[in-house]
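Here is what each chain is made of, one letter per residue.
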Amino acid sequence: YYYYYYYYYYYYYYYYYVIASLTKSLMFFLSFYPQLHSNMDRGDGNVKYILTGDGVGSLFLIDENSGDIHATKRLDREERAIYTLHAKVVDKRTNKTLEADTEFNIKIHDINDNEPKFSKDIYFSSVPEMSDVGTSVIQVTATDADDQTYGNSAKLVYSILQGQPYFSVDSDNGTIRTALPNMDRETKENYQVVIQAKDMAGQMGGLSGTTTVSITLSDENDSPPRFANRKTQFHSPSEVGAAIGRIKANDADVGRNAEMQYSIVDRDGQDIFTIITDQNTQEGIIRVKKQLDYERKKTFSFKVEVTNTYLDPRFMYSPNPPFKDDAMVRVTIEDVDEPPVFSRNPYIIEVHEDTAAGSFVGVVSAKDLDADNNPVKYSIDRHTDLERLFNIDSVNGTITTLKALDREMSKWHNISVVATEISNPRQTTRVPVFIRVLDVNDNAPEFAMYYETFLCENVKSGQLIQTISAVDTDEPLVGHKFVFSMSFSNPNFTIIDNEDNTARIITRRGGFSQREMNTYLLPVVISDNDYPIQSSTSTLTVNVCACDSRGNVQSCNTEALLSAGLSTGALVAILLCVIILLMIVVLFAALRRQQRKKEPLIISKEDVRDNVVSYNDEGGGEEDTQAFDIGTLRNPEVMDANKLRRDIIPEMLFPFGRTSPIKDNADVRDFIHGRLHENDSDPTAPPYDSLATYAYEGSGSLAESLSSLESGATEGDQEYDYLSNWGPPFKKLADMYIGKDTERET
């Protein structure tokens, strides 16, 4: 192939290139339109050029006769920089390929048609105040879509348009730095800096883009706290813990740099008052630390110092004033009516038990510390002395007993004594009084438990049959020491004191027999060693039993068995259970007997006036519920006055064979009225409505009796055909009587 293309660079020159090898992939750097030419083309018009590849038809067109390639619209390198095309030559007449397919690339040369762009329209950053010159703030970067490798179209230079002389920008990388020293946030906090990025290395004619950087000076602890008022005066109540006022220092810093702590410098003020910091308002709250006495000192003056909680070492030694400030505080004590004050709190008093009623226990004392020194009266809070064991003299505070005290019942008594100003009963003070009851040896020792002692008949002399111990409810200071002995000499047994508050019971002989004596009562005397000495005599019961050769109990007397088996409480419980069961049986039998005495509805079978026929036909069912409810008569209060009775009158298709001479229930009405009159005139009747039920049937009903005894002389006088029209409930009755009439006629 011979390829021809036109190349214009600054001036229009025409170049002609001949390519020898067509099998290689060639790249053309074109800024105008190329031309393809094949050595098979002799100019006779029989050769056809075909172009395929990227953008053919939409961006590139080829003249099939001459091989000229044309662009259909403006090409943008930023959209696509290289296009790969394929060309071949065919015979127009035979459509035979004359030259094989050849690939070549078209590369678009860049021109400076894109301005630099920043990634953000507005940047936000901060830098500490008082920073040194050249401190980095933020780096902003712009990009240019032009070719970075071709010319200066994408070479950017940064400059600052707004923000001088406070900040500067690095022209190569866009880093913004501080340009002035000691920039103070308290003077100016926010700055707006405009940065420009320009391509073509900043030369004239280059394109540019801008962005805005919002820079905030962050706070540093460079401002000390200062009191607005150097002298402050307060009026203080005398109660401990009461807040007498607030003192405030100002700090131009913010956040944790503005947090302050207050302290009292003077020694006198530190002992009487305390100051804390309110974390929300950063105010110092002065409180009373000790009880103030207006009568002793009326005014206090002390110095309060304030410092920052968090200090920055960089500014502590600066030429600025020190990072603390002080102010004088003057406190005037208010004279208020205060409650009485006890000389001690609490009181602990000791008293011996068994002290007689009215005995002296102790004295409490309270005083009104106000200038008036009002008199005080005393009383005992009875909620703390429910048993009313103590009394107090309302004038001098002397506590006495109302009852004898027993330490074994209660070792401590905790009462509250109330002191009240006589002139102002609202001023009261209470103090706890702990009364300890001291022990007096007033209880004798006794057996520690109930002992059941069994003695074998074949026991030998000197054998141990029981070990006993004792207890004492008293509490001597040196501990318990019991002495065991017998009230008199016993020929059968002896007692040996172990000197450890226990004793042994030893036999003095052998050969005991149940027949001679089955029980021995052994009195044991137990004494303590306290003053005065207390002693008691306890009886030990020894039961004689028959034992085997090993000493195992086999049988004892009745009393011994009873004591060894069931206790008295168990026997009583068993007896009560038996009595309860008997009472249940008797009650059940009485109820059964009472039920049998009730009169039956039908006394005997002979009272039936006519034959009773039993059949299993159902009644009217739910239709009967529309009839009159007898429950209304039993409970008249629930009856609605406006509710009409819904009596159902049976529809009679045929008349009865005979009619009743009684048109209404006059006898029933007369009976009820008579009973009503008797109850109204009875003075013993209850003064409220009551229900009385009378078993009175009346003289008869409209249907009269169904008994054949009261029928006419002959059954033929009656016609029963109307029974068949009464429905299924009377079908059985109709079959009985209509069937009889049919048989009679037959």
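Note: the structure precedes this text.
The shown structure was predicted, so the numbers you read here are calculated from the model rather than taken from an experiment.

Asks: How should I be thinking about the side chain of His413 in this particular structure?
Replies: Within the secondary structure, His413 is located in strand 34 (residues 412-421). A residue is classified by how much of its surface remains accessible, and His413, at 12% relative accessible area, is buried. Excluding anything up to four places from it in sequence, His413 contacts Leu389, Phe390, Leu405, Val433, Phe434, Ile435 and Val437.

Asks: Looking at this structure, how should I read the sheet that holds strand 18 (residues 208-218)?
Replies: Note on sheets: strands pair through backbone hydrogen bonds, and any given pair is parallel or antiparallel. Spatial ordering of the open sheet is given by 11-18-17-14, a layout of four strands whose pairing is mixed. The open sheet has two edge strands, strand 11 (122-128) and strand 14 (157-162), and neither has a second partner. The average undirected angle you get between the axes of adjacent strands in this sheet is 30°. Pairing analysis gives nine bridges linking strand 17 (residues 190-198) to strand 18, with the strands arranged antiparallel. Across the sheet, Tyr191 pairs through a bridge with Ile215, a residue of strand 18.

Asks: Would you take a moment to explain the pairing of strand 22 (residues 260-264) for this structure?
Replies: Along any regular strand, the residues point their side chains to alternate faces of the sheet. Burial along strand 22 is one-sided: the residues Met260, Tyr262 and Ile264 are buried and none of Gln261 and Ser263 is. Note: strand 22 against strand 25 (residues 299-308), five bridges, orientation antiparallel. When the bridges of strand 25 are listed, Met260 appears paired with Asn308.

Asks: Teacher, can you tell me more about the state of the cysteines here?
Replies: Covalent bonding between the sulfur atoms of two cysteines defines a disulfide. Under the counting rule described, the total for this entry stands at two disulfides. Across the disulfide from Cys456 sits Cys547; the S-S distance is 2.0 Å. Every disulfide takes its handedness from the sign of the S-S torsion; for Cys456 and Cys547 that torsion is -80°, giving left-handed. With Cys456 in strand 37 (residues 453-456) and Cys547 in strand 43 (residues 535-547), the pair connects residues that are 91 residues apart, well separated along the chain. Of the two residues, Cys456 and Cys547, both sit in the buried class. For the protein chain, numbering the cysteines in disulfides from first to last along the sequence yields the connectivity 1-3, 2-4.

Asks: Just checking my understanding: could you explain the pattern of salt bridges for this structure?
Replies: It is possible for side chains of opposite charge to pair when their charged atoms get near one another. Inspection of every chain in the model, using the stated rule, returns 14 salt bridges. For Arg246, the salt bridge identified is with Asp278, shortest N-O distance 3.0 Å. Note that Arg246 is positioned in strand 21 (residues 243-250) and Asp278 in strand 23 (residues 273-278), a separation of 32 residues in sequence. What makes Arg246 partly exposed here is its relative accessible area of 42%. Taken together, the salt bridges that share partners define one network made up of Arg185, Glu186, Glu189 and Asp219.

Asks: How should I be thinking about a nonpolar patch on the surface in this particular structure?
Replies: Nonpolar side chains collect at one region of the surface, where Val572, Leu575, Leu576, Ile579 and Met583 lie side by side and expose about 490 Å² of accessible area between them. Topologically, Leu575 is positioned in helix 4 (residues 568-596). On the basis of relative accessibility, which here comes to 53%, the residue Leu575 falls in the exposed class.

Asks: Can you walk me through the sheet that holds strand 26 (residues 324-333) in this structure?
Replies: Across the sheet, which stays open at both edges, the four strands sit in the order 20-26-25-22 with mixed pairing between neighbours. In the strand order of this sheet, the two ends are held by strand 20 (231-236) and strand 22, each with one partner. Strand-to-strand, the axes of this sheet are offset by a mean angle of 30°, without reference to chain direction. Direction of pairing for strand 25 relative to strand 26: antiparallel, over a ladder of nine bridges. Within strand 26, the residue paired with Ser301 across the bridge is Arg330.

Asks: For this particular structure, what's the right way to read the packing of aromatic side chains?
Replies: Each pair of aromatic rings is reported with the distance of its centres and the angle of its planes. Considering all chains together, one arrives at twelve aromatic pairs under this definition. Relative to Tyr262, the ring of Phe227 lies with its centre 6.2 Å away and its plane at 50°, an arrangement referred to as tilted. Of this pair, Phe227 sits in strand 19 (residues 226-227) while Tyr262 sits in strand 22, placing them 35 residues apart in sequence. Given a relative accessible area of 7%, Phe227 falls into the buried group. Tyr262 gets classed as buried once you look at its relative accessible area, which sits at 7%. Each ring, one from Phe512 and one from Tyr520, has its centre 5.5 Å from the other, and the planes form 85°; the classification is edge-to-face.

The rules we used
Residues numbered from 1 in each chain as written. Predicted model: local features only at pLDDT ≥ 70, side-chain atom pairs only at ≥ 80, totals over all residues. Heavy atoms only, no water. Helix = DSSP H or I, 4+ residues; strand = E, 2+ residues; numbered from the N terminus. Buried < 20%, exposed > 50% of the residue type's maximum accessible area, 1.4 Å probe, protein only. Contact = heavy atoms within 4.5 Å. Pairing = 2+ DSSP bridges. Axes fitted to C-alpha atoms, helices over the stretch in contact; angles between N-to-C directions. Disulfide = S-S within 2.5 Å. Salt bridge = Lys/Arg side-chain N within 4 Å of Asp/Glu carboxyl O. Patch = residues over 30% accessible without salt bridge, like charges linked within 9 Å, V, L, I, M, F, W, Y side chains within 5 Å. Areas by Shrake-Rupley, 256 points an atom, 1.4 Å probe, with all protein chains shown as cover. Phe/Tyr/Trp six-rings, centres within 6.5 Å; stacked < 30°, edge-to-face > 60°.

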